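Understanding the architecture of this molecule
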Amino acid sequence: MTGIIGGSGLYQISGVDIRKKVRMKTPYGPPSGSYLIGEFSGRTIVFLSRHGEKHTVPPHKVNYRANIWGFKELGVERILSVGAVGGISSRTTPGTLVVLDQIIDMTKARESTFHEGKAGVVHIDFTEPYCPELRKILLDASRRSTAAIKKSGTYVCTEGPRLETKAEIRFFARIGADVVGMTGMPEASLAREAEICYAGIAVVTNSAAGLQKRKLTVTEVIETMNKTTGSLQALLKEALVKIPLRRGCSCKDALKKAKI
Ligand code: HPA
């Protein structure tokens, strides 16, 4: 089973026949909303809106542990995660889709592990934060797309919910970030801890703070997101049918030799 996490502006996937809506209980409290279980091309897909069905949960309040736990409980082995981002490098102009390959975590106060207390301590390998097999599937799928798609990119995750200052963006550019968002972490590392394959697709909705003359607005973010929804959904659907039954990567063994 494959899961999809939708961010701002992506609340469903057209063409995916929703058969069931499931509410999950987890040891970490409630996930962002119901999991929508549907069929696409003979495959079962599980969709979750990261910010809730009515977009009521801000980035720093998302219950990332509950969301990933819910997917795990439902039997999801792979997650394609979508998030809106600001573009920092010149490669990432608004409207571009980026198949992410690296992360810089600048979050401050988020619950970021399933393993504490009685569960013991775990240090997962996170050298390559995104599943290489899922990334390759997305890159193969992108060959069929006419959209502007970048094959790699470093995502810096801020705490939010405010947007960044000009100096912060200058700093992020210097340390090698291509795009900035508020939700990529700890989602990606929790998926790894849960031994779920995880790939991130960033939708560049605006140029990051200070890189454009006009003020940054959420209206701009949503407008660009809406314009790219078509090509984003086409990419996701093309990728979904390419996913093999069995996993050939090491994500399924992430906890081996990771426990103290
Ligand atoms: N910064 C952080 N998160 C974002 C942005 C941004 O400029 N655009 C969309 N999500």
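Above this text is the structure in question.
To keep things clear, this report deals only with the structure shown in the data block. (Residues numbered from 1 in each chain as written. Predicted model: local features only at pLDDT ≥ 70, side-chain atom pairs only at ≥ 80, totals over all residues. Heavy atoms only, no water.)

Let's shift gears to the overall build of the protein. When you go through the protein residue by residue, the secondary structure sums to 5 helices and 11 strands. Here the protein has a C-alpha radius of gyration of 17 Å; the compact-globule value for 260 residues is 18 Å, and the two agree. Its C-alpha atoms put the protein at 50 × 40 × 35 Å along the principal axes. For the protein, buried positions account for 56% of its 260 residues. Summarising the internal contacts of the protein: among those between residues at least 6 apart in sequence, 81% fall at separations of at least 24. Seen as two clouds, the 39 positive and the 24 negative side-chain charges of the protein have centres 3 Å apart. (Helix = DSSP H or I, 4+ residues; strand = E, 2+ residues; numbered from the N terminus. Rg over C-alpha atoms; globule rule 2.2 N^0.38 Å. Buried < 20%, exposed > 50% of the residue type's maximum accessible area, 1.4 Å probe, protein only. Contact = heavy atoms within 4.5 Å. Lys, Arg positive; Asp, Glu negative; His and termini not counted. Charge placed at Lys NZ, Arg CZ, Asp CG, Glu CD.)

A separate point is the pattern of salt bridges. Under the counting rule described, the total for this entry stands at 14 salt bridges. When the shortest N-O distance is used, the salt bridge between Arg214 and Glu220 registers 3.1 Å. Classification of Arg214 as exposed rests on a relative accessible area of 54%. With relative accessibility at 11%, the residue Glu220 sits in the buried group. Among the charged side chains, a salt-bridge network with shared partners connects Arg65, Glu111 and Glu116. (Salt bridge = Lys/Arg side-chain N within 4 Å of Asp/Glu carboxyl O.)

A few words now on the nonpolar core. Ile68, Phe71, Ile79 and Val179 are the most contacted members of the largest nonpolar core, which totals 33 residues. Put simply, the parts of the chain that give this core at least two residues each are β3 (35-40), β4 (43-49), α1 (64-74), β5 (78-87), β9 (154-157), α4 (187-193) and β11 (197-207). Per-element tally for this core: the top contributor is α1, with 4 residues. Here Val179 is in contact with Val85, Gly86, Gly87, Ile88, Thr92, Val98, Leu100, Thr154, Tyr155, Val156, Ala202 and Val204, once residues within four sequence places are set aside. (Core = buried A, V, L, I, M, F, W, Y, C linked by side-chain atoms within 4.5 Å.)

Residues in contact with the ligand, as listed here, are Ala84, Val85, Gly86, Leu163, Glu164, Val180, Gly181, Met182, Thr205 and Asn206. Here a nitrogen atom of the ligand sits 3.3 Å away from a polar atom, N or O, in the main chain of Gly86. For the ligand, whose free accessible area comes to 260 Å², the fraction covered by protein is 94%. For the shell around the ligand, the secondary structure elements donating two or more residues are β5, β10 (179-181) and β11. (Near = heavy atom within 4 Å. Polar contact = N/O pair within 3.5 Å; in protein donor to acceptor, adjacent residues only side chain to side chain. Areas by Shrake-Rupley, 256 points an atom, 1.4 Å probe, with all protein chains shown as cover.)

Here the focus is helix α2 (residues 132-142). Regarding α2, the residues found buried are Leu134, Arg135, Ile137, Leu138, Leu139, Ala141 and Ser142. Looking at the buried positions of α2, the neighbouring elements they touch are β5, β6 (97-99), β8 (149-150), β11 and α5 (218-242).

Attention now moves to the side chain of Arg135. Mapped onto the elements, Arg135 comes out in helix α2. Here Arg135 occupies a buried position and makes no salt bridge, while the nearest side chain of opposite charge, Asp101, is found at 5.0 Å. Here the side chain of Arg135 touches Leu100 through a polar contact of 2.8 Å, landing on its backbone oxygen. The contact partners of Arg135, leaving out residues within four places of it in the chain, are Val99, Leu100, Asp101, Tyr130, Lys151, Ser152 and Ala199.

With that settled, consider unusual backbone geometry. Here the bond from Gly160 into Pro161 is cis, since omega is -5°, no more than 30 degrees from zero. Along the chain, the position of Pro161 falls in the loop between β9 and α3 (166-174). Here the residue pair Met185 and Pro186 is connected by a cis peptide bond, since its omega of 5° sits within 30 degrees of zero. In this fold, Pro186 is placed in the loop between β10 and α4. For Glu195, which is not glycine, the phi dihedral falls at a positive 60°. Tracing the backbone shows Glu195 in the loop between α4 and β11. Residue classification places Glu195 among the buried positions, given a relative accessible area of 18%. Phi is positive for Lys257, close to 60°, though the residue is something other than glycine.

Our focus in this paragraph is the pairing of β5. For a regular strand, side-chain orientation follows a simple rule: the groups alternate between the two sheet faces. Counting buried positions over the 10 residues of β5 gives 9, a clear majority of the element. Pairing between β5 and β10: 2 bridges, direction antiparallel. Paired with Gly87 across the two strands is Val179, which belongs to β10. (Pairing = 2+ DSSP bridges.)

So, on to the side chain of Ser207. Locating Ser207 in the fold gives a position in strand β11. Setting aside residues up to four positions removed in sequence, Ser207 forms contacts with Gly87, Pro94, Gln212 and Leu216.

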